[in-house]
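Structure at a glance
Listed below are the residues making up each chain.
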Amino acid sequence: MIEFRGVDKRYPDGTVAVDHLDLVVDAGKVTIFVGPSGCGKTTSLRMINRMVEPTRGTVLVDGRDVMEQDPAQLRRGIGYVIQQAGLFPHRTILDNVATVPLLLGWNKKQARKRAAELMELVGLTPEMSGRYPTQLSGGQQQRVGVARALAADPPVLLMDEPFSAVDPVVRENLQDELLRLQSELGKTIVFVTHDIDEAIKLGDKVAVFRVGGRLAQYDQPGALLARPADDFVDGFVGRDRGYRGLGFRSADGLPIGELQTVTLGSPASAARDAIGDGWALVLDSEKHPQGWLRGTELPSGDEPIAAERLVAGGSLYDTDSDSLRGALDAALSSPSGLGVAVDGSGAVVGSVSADDVLDKLKAARADEDAA
Ligand SMILES: Nc1ncnc2c1ncn2[C@@H]1O[C@H](COP(=O)(O)OP(=O)(O)OP(=O)(O)O)[C@@H](O)[C@H]1O
Ligand SMILES: [Mg+2]
């Protein structure tokens, strides 16, 4: 879909921004360009829509050299989103989104209808359509930027640090929204960031650049964490990469153990023998976990087990969707040392242990080595 073949970019002052880039961007997937400041991410991105022209080599979009295409026509098929959205300050939100359809010659009514649909798609409410960009939060403005880039339904979307100007919580929401949107739309997305965590979360594939515009590694996120190509990539993917890499490992077949449970409000006497001095997980009537109770903390006699005596639990391991990372975190964060496994509805199905997670990891590695 998009291919760089031996591409260099040298600016007139002699700066080499991109040095011999060979890279194939998969159609319908999210490809991330990540790396430190000045490593040529933006330059590489802009060579795709010809905002920057290569000094040497070829950039192909859909098999055709971009230098042989009319720039305006090329860009019609390529949406572009930048940091701080780049909205027109004196146009309403609706008109900002309708800009591209109008440029494409749609009539005003069609263009506004399309704009309203796109606003809904990116999670903006109709009340916002008449406002001006400064009357929206940073995160909302970014959504408008995404809606505008999608307006002509381009097969390709280029995004240059689109979420870096918003606070971490909003940023996470925007990332989740992008993944949801992408699962519906299946665009070819090239996304620039200098945040490796964002790269790992969003990318189907991640290209790590080093300063001087050289590609250091191009791989799936799990492979990047498991096998950095060199010290630079190792340093860049950062601390805890072993732990974070567990997020890409399936927990299918992880043993689910037994778990001592008691029901909130039930009489202490019924639990005493079963718990002894150990831990029990306290459930409500729908088997949702409420907290942990230590045998030594059981009320006397037949008093009911009350919420006040419970110790807060750790994270839950969702057997329907979580990776080994989720399972290990559940075990490590549980006061009893046993992680709580739940099904998709949040009902407890049993326990997971850190030892079992590590055994599973060991087995998976042995399989990989054998292969
Ligand atoms: N128009 C230009 N003229 C000269 N040098 C430029 C020009 N644009 C970018 N550069 C230089 O090219 C190199 C790569 O710049 P680029 O903007 O592609 O980096 P980047 O990876 O996007 O960095 P950042 O993370 O800071 O956005 C830098 O050294 C930059 O100073
Ligand atoms: Mg940049």
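Quick caveat: nothing in here was measured; it's all calculated off a predicted structure. (Residues numbered from 1 in each chain as written. Chains lettered and ligands numbered in written order. Predicted model: local features only at pLDDT ≥ 70, side-chain atom pairs only at ≥ 80, totals over all residues.)

Describing the overall build of the chain
Assigned secondary structure in the chain consists of 13 helices and 16 strands. Summarising its shape, the C-alpha atoms of the chain cover approximately 85 × 55 × 30 Å along the three principal directions. Here the chain holds 371 residues, and 37% of them are scored as buried. (Helix = DSSP H or I, 4+ residues; strand = E, 2+ residues; numbered from the N terminus. Buried ≥ 20, exposed ≤ 12 C-beta atoms within 10 Å, placed from the backbone.)

Points about the site of ligand 1
Residues in close proximity to ligand 1 include Y11, D13, T15, A17, S37, G38, C39, G40, K41, T42, T43 and H194, which together make up its full environment. Top element by residues in the shell around ligand 1 is helix α1 (residues 41–48). It accounts for 3 residues. Of the residues in the shell around ligand 1, the class split is 3 nonpolar, 7 polar and 2 charged. (Near = placed C-beta within 6 Å. Nonpolar A, V, L, I, M, F, W, Y, C, P; charged D, E, K, R; others polar.)

Section: the sheet that holds strand β8 (residues 188–193)
In space, the 6 strands of this open sheet follow the order β6-β7-β8-β3-β9-β10, with mixed pairing throughout. Two strands bound the open sheet, and with one partner strand each, they are β6 (78–82) and β10 (214–219). For this sheet the average axis-to-axis angle between neighbouring strands, irrespective of direction, equals 15°. Against the sheet, α1 engages β3 (30–34), β6, β7 (156–160), β8 and β9 (205–210), with an angle of about 155° to β8. Along the sheet face, helix α5 (residues 138–150) touches β6 and β7 and points at about 165° away from the line of β6. (Pairing = 2+ DSSP bridges. Axes fitted to C-alpha atoms, helices over the stretch in contact; angles between N-to-C directions. Contact = placed C-beta atoms within 7 Å.)

Topic: α1
Counting buried positions along α1 yields 6 of 8 residues, so the element is predominantly enclosed. Listed as buried for α1 are K41, T43, S44, L45, M47 and I48. Just downstream of α1, R50 is the residue with a positive phi angle, here 70°.

Remarks on the packing of helix α12 (residues 324–333) against helix α13 (residues 354–370)
For the pair α12 and α13, the least separation of the axes is 8 Å and the interaxial angle reads 155°. Considered as vectors, α12 and α13 are oriented roughly antiparallel to each other. In this structure, the crossing between α12 and α13 has a hand that is left-handed. On α13, the residues touching L324, A327, L328, A331 and L332 of α12 are A354, V357, K360 and L361. Across the contact of α12 with α13, the residue classes tally to 8 nonpolar, no polar and 1 charged. (Parallel < 35°, antiparallel > 145°, perpendicular 65-115°, else oblique. Left-handed = near helix turned anticlockwise from the far one by under 90°.)

Regarding the domain arrangement of the chain
Domain assignment breaks the chain into domain 1 (2–247) and domain 2 (261–361). Measuring from the centre of the C-alpha atoms in domain 1 to the corresponding centre in domain 2 gives 43 Å. (Domains from an automatic or database assignment.)

A word on the nonpolar core
Side chains of nonpolar character tend, in soluble globular proteins, to be buried together. If you look at the biggest cluster of nonpolar residues, it comprises 66 residues, and the most contacted ones within it are I32, I48, V97, A147, L158 and V190. Setting aside chain neighbours within four positions, we find V97 in contact with A115, L118, M119, V144, A147, R148 and A151. The next biggest cluster of nonpolar side chains, apart from the first, holds 28 residues, and it includes L254, A268, Y317 and V357. (Core = buried A, V, L, I, M, F, W, Y, C linked by C-beta atoms within 7 Å.)

Considerations on unusual backbone geometry
In this structure, E161 is a non-glycine residue whose phi angle is positive, near 45°. Mapping E161 onto the fold places it in the loop between β7 and α6 (168–185). Judged by local crowding, E161 falls into the partly exposed class, with 19 C-beta atoms found within 10 Å. Phi at D240 takes a positive value of approximately 60°, unusual for a residue other than glycine. Looking at where D240 falls in the secondary structure, it is placed in the loop between α9 (231–237) and α10 (241–245).

Side note on the packing of helix α3 (residues 93–103) against α5
Running from amino to carboxyl end, α3 crosses α5 at an angle of 30°, the nearest separation of the two axes being 7 Å. With respect to α5, the axis of α3 lies roughly parallel. Both α3 and α5 take part in a crossing whose hand is right-handed. On the side of α3, the interface is formed by I93, N96, V97, T99 and V100, while α5 contributes V144, A147 and R148.

Concerning the pairing of strand β4 (residues 56–61)
The pairing of strand β1 (residues 2–10) with β4 spans 5 bridges and is antiparallel. Paired with I2 across the bridge in β4 is V61. Summarising the sheet, β4 and strand β5 (residues 64–65) pair through 2 bridges and their orientation is antiparallel. Bridging from a neighbouring strand, L60 pairs with D65 of β5. A loop of 2 residues connects β4 with β5, the two strands running antiparallel in sequence, and D62 in this loop sits at a positive phi of about 55°.

Description of the sheet that holds strand β14 (residues 316–318)
Sheet architecture is open: 3 strands sit in the order β14-β15-β16, paired in mixed fashion. Every interior strand has two partners, whereas the edge strands, β14 and β16 (348–352), have only one. Here the strands of the sheet are splayed against their neighbours by 35° on average, with no regard to which way each runs. Two elements, strand β15 (residues 339–342) and β16, share 4 bridges in a ladder whose sense is antiparallel. Bridge pairing in β16 links V342 to V348. Contacts from α12 reach β14, β15 and β16, with the element oriented near 155° to β14.

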